[in-house]
Amino acid sequence: MKGKIKMMFKMFCAWELPIALRMTDESSLREILRIAQVTGYRGIQVDMRFIAELAQEKSIDYVKELFSSYNITPEGWHVGDFWRLDESQYKQGIEELPLLAQISADLQCQRAYIWMPNWSDERDYAENFKWHVKRLCPIADIFKDYNLCLALEWQGTKTERVGHKYEFIHNMKAAEELVGEISRNNVGLLLDSWHIYAGHDSMEDIKKLNTEVLYVHICDAPEGDIDQMPDLVREAPGTTGQIDLVGFLRNLHEIGYNGPVEPSIPLIPPGSPLKNKNLEESARFNSQALDQLFHQAGIEP
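Remember, it's a predicted structure, so these values are computed and weren't measured experimentally. (Residues numbered from 1 in each chain as written. Predicted model: local features only at pLDDT ≥ 70, side-chain atom pairs only at ≥ 80, totals over all residues. Heavy atoms only, no water.)

Engineer: Mind showing me how you'd approach the overall build of the protein here?
Structural biologist: Of the regular secondary structure elements, the protein holds 10 helices and 10 strands. A compact globule built from 301 residues should have a C-alpha radius of gyration of about 19 Å, and the protein, at 18 Å, falls within 12% of that. Expressed along its principal axes, the backbone C-alpha trace of the protein runs to roughly 50 × 45 × 35 Å. Burial statistics for the protein: of 301 residues in total, 55% are counted as buried. In the protein, of all internal contacts separated by at least 6 residues, the share reaching a separation of at least 24 is 81%. Accessible surface for the protein amounts to roughly 13200 Å². Of this, 46% is attributable to carbon and sulfur atoms. Side chains of the protein give 31 positive and 46 negative charges; the mean places of these two sets differ by 3 Å. (Helix = DSSP H or I, 4+ residues; strand = E, 2+ residues; numbered from the N terminus. Rg over C-alpha atoms; globule rule 2.2 N^0.38 Å. Buried < 20%, exposed > 50% of the residue type's maximum accessible area, 1.4 Å probe, protein only. Contact = heavy atoms within 4.5 Å. Areas by Shrake-Rupley, 256 points an atom, 1.4 Å probe, with all protein chains shown as cover. Lys, Arg positive; Asp, Glu negative; His and termini not counted. Charge placed at Lys NZ, Arg CZ, Asp CG, Glu CD.)

Structure follows, in structure tokens:
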């Protein structure tokens, strides 16, 4: 991803908002594209498995024209959880991955990501670290053949790892160490403002990274002790000020991040301004909130 114009832009993810719409057919995809278009987003996160099915049923040119008709681009996708499953499911996922990578490359959608649980009941930290390297290197190698990048997201939330036998990566430094051990130039980090905050990292730590940032999730946190909060209950960007999102964006801009900034709000707490909003209203609220944060950070998105 190096060498591109340095810029950030808003990306829409329909299934990371409180009232989610998933890509299950062409009609749902069109509705997601419409909402993204009318609420001010440049791109969307896609379900690449569905997109691949649509491309096989119609054609890749049909899919390209569909996105073009809404002036929206496919910017990223979640690889899925097969890499964390048993050996047979892992092998099946690896076998299916080249097709998805090819479709992604054909659409010039160069970013994909995985998220890593911050615990294990089977492997201690050192063993789990090696296991992650072994499982993720083949994915990175397949992606490299198609000029795609793989972003790794860690979990900072303490309540996720409490009660499990072994802790695993839950801060920026440890995630960067894993990227270094994988040692592929198409592997980097997904930075989520929630997990930076929950893992007690500093936003200033972003400027110390030696690893490329490939993907960004953004949200705010409810008021209260972050160590007691569940992982998925989050606030819209900039609504509580618990997380320094202006500093987050400024530091990303300073290190030359040039990709999507995607609101990630799976569940909302009582009293949130997103409460009782439909998908389009939620999308517009988040889009306007991001515009304000970009403006406060002195960044032209």
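Engineer: I would appreciate a short explanation of the layout of surface pockets in the present structure.
Structural biologist: Using a probe with the size of a water molecule, rolled over the atoms, empty space left in the structure can be pinpointed. A volume near 590 Å³ is recorded for the largest pocket. For the largest pocket, the lining is made up of 25 residues, of which W15, E16, H78, Y113 and W115 are closest to its centre. In the lining of the largest pocket, the residues fall into nine nonpolar, seven polar and nine charged. (1 Å grid on protein atoms, 1.4 Å probe; cavity = no way out; pocket = protein on both sides within 12 Å on 5 of 7 lines; lining within 4 Å. Points joined across faces, edges and corners; volume = space filled by probe spheres on them. Nonpolar A, V, L, I, M, F, W, Y, C, P; charged D, E, K, R; others polar.)

Engineer: Even after reading the chapter, I still don't get helix α4 (residues 87-106), so can you show me in this structure?
Structural biologist: At 3.6 residues per turn, the α-helix brings residues three or four places apart onto the same side. Compared with an ideal rise of 1.5 Å per residue, which puts 20 residues at 28 Å, α4 spans 29 Å between its outermost C-alpha atoms and is within 8% of the ideal. For α4, the principal kink sits at L97 and spans about 35°; a proline, P98, occurs within the next four residues. Among the residues of α4, Y90, G93, I94, L97, L100, A101, I103 and S104 are the ones counted as buried. In this structure, the buried residues of α4 make contact with α2 (48-57), α3 (60-69), β3 (73-78) and α5 (125-145). Where α4 terminates, the next one or two residues include Q108, which has phi positive at roughly 55°. (Expected span 1.5 Å × (residues − 1). Bend = angle between axes of the 7 residues up to and from the residue.)

Engineer: Would you explain the sheet that holds strand β4 (residues 111-116) in this entry?
Structural biologist: As a general point, the strands of a sheet are linked pairwise by backbone hydrogen bonds and lie either parallel or antiparallel. Within the closed barrel, the eight strands sit side by side as β1-β2-β3-β4-β6-β8-β9-β10. Their pairing is parallel. The mean angle between the axes of side-by-side strands here comes to 30°, regardless of whether they run parallel or antiparallel. In this sheet, strand β9 (residues 213-218) lies alongside strand β8 (residues 187-192) in parallel orientation, the contact comprising four bridges. By the bridge assignment, D192 is partnered in β9 with H217. On top of the sheet, helix α1 (residues 26-38) reaches β1 (9-12) and β2 (43-46); it is set at about 150° to β2, its chief contact. (Pairing = 2+ DSSP bridges. Axes fitted to C-alpha atoms, helices over the stretch in contact; angles between N-to-C directions.)

Engineer: Can you help me understand the nonpolar core in this one?
Structural biologist: As a rule of thumb, nonpolar side chains are buried together in soluble globular proteins. Formed by 98 residues in total, the largest nonpolar core has its most connected members in F12, I44, I51 and W77. Among the elements that take part in this core, α5 stands out by supplying nine residues, more than any other. (Core = buried A, V, L, I, M, F, W, Y, C linked by side-chain atoms within 4.5 Å.)

Engineer: Honestly, the environment of G238 in this entry has me stumped. Any pointers?
Structural biologist: Locating G238 in the fold gives a position in the loop between β9 and α9 (245-254). When the C-alpha positions of G238 and E95 are compared, they lie 42 Å apart, and in sequence the two are 143 residues distant.

Engineer: Please explain the pairing of strand β6 (residues 149-154) as it appears in this structure.
Structural biologist: For a regular strand, side chains alternate in direction, first toward one face of the sheet and then toward the other. Most of β6 is tucked away, with six of its six residues classed as buried. By the bridge criterion, six bridges tie β4 to β6 in an arrangement that is parallel. Its bridge partner lying in β6, W115 is registered against E153. Across three bridges, the pairing between β6 and β8 is parallel. Within the sheet, the bridge partner assigned to L150 lies in β8 and is V187.

Engineer: Even after reading the chapter, I still don't get the packing of aromatic side chains, so can you show me in this structure?
Structural biologist: Within a pair of aromatic rings, the relevant descriptors are the distance that separates the centres and the angle that separates the planes. For the structure shown, the criterion picks out seven aromatic pairs. Between the aromatic rings of Y125 and F168, the centroid separation amounts to 5.2 Å while the plane-to-plane angle is 50°, which identifies the pairing as tilted. Linking Y125 in helix α5 with F168 in the loop between β7 (166-167) and α7 (172-182), this pair joins segments that are 43 residues apart in sequence. Among the aromatic residues, those joined into a cluster by ring pairs are Y125, F129 and F168. (Phe/Tyr/Trp six-rings, centres within 6.5 Å; stacked < 30°, edge-to-face > 60°.)

Engineer: Could you clarify how one ought to interpret the environment of L29 in this entry?
Structural biologist: Considering the arrangement of structural elements, one finds L29 in helix α1. Accessibility expressed as a relative area gives 0% for L29, which makes it buried. In this structure, the C-alpha to C-alpha distance between L29 and K58, residues 29 residues apart in sequence, is 14 Å. Leaving out residues up to four positions away in the same chain, L29 has contacts with M23, I44, F50, I51, L54, L66 and F67.

Engineer: I tried to follow the side chain of H132 on my own but got confused; where do I start?
Structural biologist: Summarising the element assignment, H132 is placed in helix α5. Accessibility expressed as a relative area gives 3% for H132, which makes it buried. Once residues lying within four places of it in the same chain are set aside, the contact partners of H132 are W83, M116, F168 and L178.

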